[in-house]
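Here's the letter readout for the chains.
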Amino acid sequence: MDHLLRKIAILIMHRYQLRIEYVGTKYLGWQIQKKGKTVQKTIQIVLKKIFNKKIQLFGSGRTDTGVHAIEQSAHFDLDKKISDLNKFLETINFFLKNKDISILKINKKNNKFHARFSAKERIYRYVIFNRSSGLSLNNLRGWHIKKKLDIKLMRIGGKMLLGTKDFATFRASNCGAKSSIKTLKSVKIQVKGEKIEIQFKSKSFLKQQVRSMVGCLKYLGEKKWSLEKFKIVMNSRKRSFCAPPAPPHGLYLEKVIY
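Residue indices begin from 1 for each chain and proceed along its sequence in written order. Restriction of local features to residues with pLDDT of at least 70 applies here, the model being predicted, together with a cutoff of 80 or more for giving and counting side-chain atom pairs; totals for whole chains, interfaces and linings are based on all residues. Where side-chain values are given, they derive from all heavy atoms of the structure, hydrogens and water being excluded.

> If you had to explain the overall build of the protein chain to someone new, which residues and values would you point to?
Elements are defined by DSSP. Helices are runs of H or I of four residues or more, strands are runs of E of two residues or more, and each kind is numbered from the N terminus. A count of helical and extended segments in the protein chain gives 6 helices and 10 strands. Taken over C-alpha atoms, the radius of gyration is set against a globule rule of 2.2 Å times the number of residues to the power 0.38. Over its C-alpha atoms the protein chain spans a radius of gyration of 20 Å, differing by no more than 12% from the 18 Å that the globule rule assigns to 258 residues. Dimensions of the protein chain along its principal axes, counting C-alpha atoms only, are 65 × 40 × 30 Å. Counting every position in the protein chain, which comprises 258 residues, the buried fraction comes to 46%. Considering only contacts in the protein chain between residues 6 or more positions apart, those separated by 24 or more positions represent 69%. All accessible-area figures derive from a Shrake-Rupley calculation using a 1.4 Å probe, and residue coverage is judged against the displayed protein chains alone. Carbon together with sulfur atoms contributes 51% to the accessible area of the protein chain, which is approximately 14,100 Å² in total. We count Lys and Arg on the positive side and Asp and Glu on the negative side, and we leave His and both chain ends out. Lysine's charge is taken at NZ, arginine's at CZ, aspartate's at CG and glutamate's at CD. Computed over 56 positive and 17 negative side-chain charges, the separation of the two mean positions in the protein chain equals 4 Å. Burial status follows relative accessibility: with a 1.4 Å probe on protein chains alone, a residue under 20% of its type maximum counts as buried, one over 50% as exposed, and anything between as partly exposed. Contact between two residues is taken to exist if any of their heavy atoms lie within 4.5 Å; hydrogens are not considered.

Following this line, the structure appears as structure tokens:
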């Protein structure tokens, strides 16, 4: 009987997806930690304030300390229907004011939708400011590199990363993924004046994979490595061969596609 009641309760729950923008500078990443401020915890506290009950938020994936999001995706379940989604959006953003978090959109979803497991593609963007002067307006919004980078070499390196392969070289030592084999669908490098944007597209990424790939592309762009050295490092599957990962403050979760 209890099992049946639980099944009925699940069926009548209402699922909502949030699209979230945040500056990660003040946060220890997305996921709740035992100590410290995280984006997930901050939003859950606000949801509890609005609905007067504990609400669990499920994200599309983790972002590390200092990493930003142009559009993170998450979902939560509620035992009642939200009658006015626009009013809810105004309310939650009011409580998140001055916390460097904004809820861009809320959508009603069916119970089969899952922010993490339903995702077909994730897009990350890494921002580099390639100039001699330091950063003021864009401090902690991108990686400041003084030495002029060779974009042509970096683009060749980006193409070498494409496809299904073992990305063990680029995974963090504490990465919990069962396999280091991933399929990198797209790498695009755009130059906008002194700003270089590198966009990566894949269904999923290993922990620190994007930042590690950027670190290696930077070595290539600085001509510390040749294309042959880049290829050897990439195929070595040895973390110790990898260049130092790019700093987190240049990384943005750009979009999660379903």
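> Please give an account of the side chain of R211 that cites residues and values.
The topology assignment puts R211 in helix 5 (residues 209-221). The buried category is assigned to R211, whose relative accessible area is 12%. A 3.5 Å cut-off defines polar contacts: any pair of N or O atoms within that distance qualifies, except that in protein one atom must be a possible hydrogen donor and the other a possible acceptor, and neighbouring residues in sequence count only when both atoms are side-chain atoms. Only 2.7 Å separates the side chain of R211 from the backbone oxygen of A246, close enough to count as a polar contact. Apart from residues lying up to four places away in sequence, R211 is in contact with D64, Y126, P245, A246, P247, P248 and L251.

> So what about the nonpolar core? Which residues, and what values?
One finds I43, F76, I198 and F200 to be the most contacted residues of the largest nonpolar core, which totals 65 residues. Top element by residues in this core is helix 5. It accounts for 7 residues. Beyond its immediate chain neighbours, meaning those up to four positions away, I198 contacts Y124, R125, Y126, I128, M154, V187, K188, I189, V214 and L217. Side-chain atoms within 4.5 Å link the members of a nonpolar core, which is a set of buried Ala, Val, Leu, Ile, Met, Phe, Trp, Tyr and Cys residues.

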